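Examining the three-dimensional arrangement
Listed below are the residues making up each chain.
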Amino acid sequence: MRQIGIGLLGLGTVGSGVVRLLQDHKDKISAITGRELVIKRVVVHNPDKKRDVELPDVPVTAEIADMVQDPTVQIVVEVMGTIDPAESYIEQLLRAGKHVVTANKDLIAQKGARLVDIAQQKQRDLMYEASVAGGIPILRTIVNSYAADQILEVSGIVNGTTNYILTQMNQKKVSYAAALKSAQELGFAESDPTNDVAGIDAAYKMIILTQFAFGMNVTLDDIAVEGIDKISLEDIEQAQNLGYTIKLIGAAKQIDGKINVSVGPALVPAANPLAAVQNENNAVVVKGAAVGETMFYGPGAGELPTANSVLSDIISVTKDIGIGITGNTFNNYRQGAALAPATAVKSAYYFALKMRDIPGQMLTLTKVMAETQASFKQLIQTSSDGDFAHVVMITHEIDLDQLQKITTAVANLDNISLLSTYKVL
């Protein structure tokens, strides 16, 4: 049986998982691909560091040139993370005639278009299934299973760290700070969790999902991004009292041929399947004109789930090599990106307000809503300490322009303060 040489850039959590799956399922993979997949070389920052996996007789070095110049390596797996130097390494490998599989969402979201062009020029495969939603094969599903359908919206929970934190706040009634500390202790959050808790990681994933679902390239500047770091336990408990669960939701929606992409906390009705997605798990909902709504659920991170997605890409590349059709892009769907105007993007919203407990404040709030042609769905006074009342308002659908006018008007009031605003699904 002919061999396919595999190279690894990085041998951390995911890289070790790739090694384990290749070793444990060697015979099955060979039966599927008709090739024997053999790890030929590893490049890491510190070759002397003790690893969790055994790779006897496999050279481990710190020099990318060793991988680029190794003729026995045909497919390279990049699981080192970061944009620099990963972008440069992948470019060198593609230009040297290597196929590349990566799990690097930041890189693909920001630099993917250029690397895809290089891969096409060199007739090499560049695959990145593991860059979104860990073990959920969502990108390949969109490419293959929705090819004949018109996708209207793709949304869901695409960051496991924030979902774990919000689960702890919802279920154990702990503060955001305490839930974040627990996530860090368990390895679900980095020591610097900014990318996750500020919604940036989810935004990068939504950039990739938007490319696949709608063929449109958007940037981080095109996305309204809000994280979970300002969510209070009071918000969590009040949402539960109203029959909702707060989740960090990424959404890309097509509106009259244009696109709106957002990431932010949202009140999810208890009956919605997304409300039941707990801890580090992810879930992506795809809404198609023909199929309707379909939800894909599974682990959004972790050694073996992510490694399994990497292996699915390796197997796809191996099959392409076997039948001589390398160089096709992972996603061929392309069309010009146009952003939907603020007046076309509509949703219901939750407002938590603090108002001085004196006559006339509800009337003042009603006037603000009337002036923006918005209406209440629910308006509830939740508590009062004698000086201030806490009030929760849920609107009927309003557009982003109305939302901005309401928040600006409330900010200018003397006796009413806006504590938080979240979308309602």
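Residues numbered from 1 in each chain as written. Predicted model: local features only at pLDDT ≥ 70, side-chain atom pairs only at ≥ 80, totals over all residues. Heavy atoms only, no water.

Some details on the environment of Ser155
In this fold, Ser155 is placed in strand β7 (residues 151–157). On a C-alpha basis, the gap between Ser155 and Val263 in space is 9.4 Å, while along the polypeptide they are 108 residues apart. Ignoring any residue separated from it by four or fewer positions in sequence, one finds Ser155 in contact with Gly250, Ala251, Ala283, Val284 and Val285. (Helix = DSSP H or I, 4+ residues; strand = E, 2+ residues; numbered from the N terminus. Contact = heavy atoms within 4.5 Å.)

Digging into the packing of helix α2 (residues 26–33) against helix α12 (residues 303–323)
Between α2 and α12, the least distance of the axes is 10 Å, while the angle of their chain directions is 35°. By crossing handedness, the relation of α2 to α12 is classed as right-handed. Taken together, the residues of α12 that come into contact with α2 (itself represented by Ile29, Ile32 and Thr33) are Leu311, Ile315, Thr318 and Lys319. The residue makeup of the contact of α2 with α12, split by class, is four nonpolar, two polar and one charged. (Axes fitted to C-alpha atoms, helices over the stretch in contact; angles between N-to-C directions. Left-handed = near helix turned anticlockwise from the far one by under 90°. Nonpolar A, V, L, I, M, F, W, Y, C, P; charged D, E, K, R; others polar.)

Focus: helix α13 (residues 361–371)
The complete set of buried residues in α13 reads Gln361, Leu365, Val368 and Met369. Taken end-on, α13 shows its buried residues confined to a sector of 95°, consistent with a single buried face. In this structure, α13 carries Ala370 and Glu371 as exposed residues pointing more than 90 degrees from its buried face. Considering only its buried residues, α13 is in contact with β13 (346–356), β14 (376–384), β15 (388–395), α14 (400–411) and β17 (416–424). Gln373, located one to two residues past α13, shows a positive phi value of around 55°. (Buried < 20%, exposed > 50% of the residue type's maximum accessible area, 1.4 Å probe, protein only. Arc of directions from axis to C-beta.)

Quick word on unusual backbone geometry
Cis geometry is adopted by the peptide bond preceding Pro85, which originates at Asp84 and carries an omega value of 15°. Assignment of secondary structure puts Pro85 in the loop between β4 (75–78) and α4 (86–95). The backbone of Gln123 sits at a positive phi, close to 55°, despite the residue not being glycine. At Lys173, a residue that is not glycine, the phi angle is positive and equals roughly 60°. Here Lys173 is to be found in the loop between α7 (160–172) and α8 (176–185).

None of the figures reported here should be taken as evidence of function without further support.
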